[in-house]
Amino acid sequence: MLRKVLSFQNKNIFNAFKVTSAAKNYATEATFETKDYKLHLFNDAGPPTKVTVTRDDALRYYRQMLTVRRFETAAGAMYKEKLIRGFCHLYNGQEAICVGMYGAMRPNLDDLITSYRCHGFAHVMGASVSSILCELTGHIEGTQRGKGGSMHIYVPHFYGGNGIVGAQVPLGAGMAFAHKYRNTNGVAIALYGDGGSNQGQIFETFNMSKLWDIPIIYVCENNGWGMSTSSERSTANTGYYTRGDNIPGIWCDGMDVLAVREATRYAIEYASSGKGPVVMECATYRFVGHSMTDPGLYRTRDEVQEMRQKRDPITHFKEKIIESELATEEEIKKLEADVKKEVDDGVKKARGDLGVNMDELTWDIYAKDDYLVDIRNVNPFNTLKHKRVAKPQNL
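Residues numbered from 1 in each chain as written. Predicted model: local features only at pLDDT ≥ 70, side-chain atom pairs only at ≥ 80, totals over all residues. Heavy atoms only, no water.

**Student:** Give me the pairing of strand β8 (residues 216–222): which residues, what numbers.
**Tutor:** Counted residue by residue, β8 has seven buried out of seven residues, so it is predominantly covered. Bridge analysis of strand β7 (residues 188–193) against β8 gives six bridges, and the strand direction is parallel. Across the sheet, the residue bridging to Gly 193 is Glu 221, located in β8. Handedness of the crossover is the feature at issue here: the chain leaves β7, passes through helix α6 (residues 200–212), returns alongside β8, and the resulting connection is right-handed. For β8 and strand β12 (residues 278–283), the ladder comprises six bridges, and the chain directions are parallel. Each residue of the ladder has a partner; that of Ile 217, found in β12, is Val 278. (Buried < 20%, exposed > 50% of the residue type's maximum accessible area, 1.4 Å probe, protein only. Helix = DSSP H or I, 4+ residues; strand = E, 2+ residues; numbered from the N terminus. Pairing = 2+ DSSP bridges. Right-handed = clockwise from strand over helix to strand, strands pointing away.)

**Student:** A description of the layout of surface pockets should follow, citing residues and the corresponding values.
**Tutor:** Estimated volume of the largest pocket: approximately 680 Å³. Broken down by class, the residue content of the lining of the largest pocket amounts to eleven nonpolar, six polar and five charged. Empty space within the second largest pocket amounts to approximately 520 Å³. Forming the walls of the second largest pocket are 24 residues, and the residues nearest its centre are Phe 287, Val 288, Gly 289, Pro 295 and Arg 308. Of all elements in the fold, only α1 (55–80) and α9 (301–311) reach the threshold of two or more residues within the lining of the second largest pocket. Per-element tally for the lining of the second largest pocket: the top contributor is α1, with six residues. Taken together, the residues of the lining of the second largest pocket break down into nine nonpolar, eight polar and seven charged. (1 Å grid on protein atoms, 1.4 Å probe; cavity = no way out; pocket = protein on both sides within 12 Å on 5 of 7 lines; lining within 4 Å. Points joined across faces, edges and corners; volume = space filled by probe spheres on them. Nonpolar A, V, L, I, M, F, W, Y, C, P; charged D, E, K, R; others polar.)

**Student:** Give me helix α4 (residues 129–136): which residues, what numbers.
**Tutor:** Of all eight residues in α4, eight are buried, a share of seventy percent or more. Taken together, the buried positions of α4 are occupied by Val 129, Ser 130, Ser 131, Ile 132, Leu 133, Cys 134, Glu 135 and Leu 136. Looking at the buried residues of α4, the elements they touch are α1, α3 (119–124) and α11 (329–350). Positive backbone phi, approximately 75°, marks Gly 138, located one or two places after α4. (Contact = heavy atoms within 4.5 Å.)

**Student:** Give a description of unusual backbone geometry that names residues and reports values.
**Tutor:** Located in the positive-phi region is Asn 108, a residue other than glycine, with phi close to 60°. Relative to the helices and strands, Asn 108 is located in the loop between α2 (95–104) and β5 (111–114). Located in the positive-phi region is Met 227, a residue other than glycine, with phi close to 60°. Checked against the element boundaries, Met 227 lands in the loop between β9 (225–226) and β10 (229–230). Residue classification places Met 227 among the exposed residues on the basis of a relative accessible area of 51%.

Quick look at the structure:
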């Protein structure tokens, strides 16, 4: 069944207006057309649909998206080998969102929290490939020394993925309230999926955040499916960007990294100006199941294959880069080889048998260690020792 998500197909998005540097024989920047944005309660025209990107930014975005795709694919393979246990939700197909959003975020200022499909955000916000794969496999060199796993990866300004559906939204509101309270001019971004969009806590948070006009962007990653239920069957109003009631909203093509970047930049400018929250919808598509245990049989192979061929955010952006002469095919091949090596090296390290010792399981439970001596055990007369080893993130 080919659903309306296939209407994402873009017409003539490869029309680039090139500014070429003759001395270096490649374009230093190029301008592309994005799909039109949809606006709710905004009084202006919204972000520009003609978007300029520099050569350096374009290559960085391509590398980041490709890296996320490769290490997520590697994680899927290791899960099937039972090297990764528990839950594992991959980001294949949605890479343009994490890369585009981070491309608009202001370094060391804006914060982000997301749901369980979080590995891509962790990487673009600072976690290395090897540290993520090590965390997934319980390796001591993981971001949380292998004790957190898939949904508990943290780096500065990234508050991880939350396994409770929709629970990251009120947490994100707390992050935004802290920005307003401290007068930092920062913005918080809280992401949730279309499957979690009907949670009551989301609408309670919308109400409070508008009452207080806190600087937050609520982002619905609409990939068309809440687990195995299509959005049309679960949601009466699938215009997720309009569901903030009197909160302004914006819709963008979540398969276009530049469209996501511009929409995020627009939302950040609005939220950081004191006008309050924004609801943003990124229309996207996941190429894999909801999780590694989901075979995805509710979608036909033809549907998934057509989306891979016509809407893959990575291959389409690669075509843009080459056709606009931002880089040559040889440069792209070199970049791809570097990414492959980086991921292969990360996989090799993650396969090493360096899990934490049993004694360490009760370490790093608390950020401060000065007033804690013991951790309660099953046997109350045999308490466990607490020790802080890892550096607490985002205190």
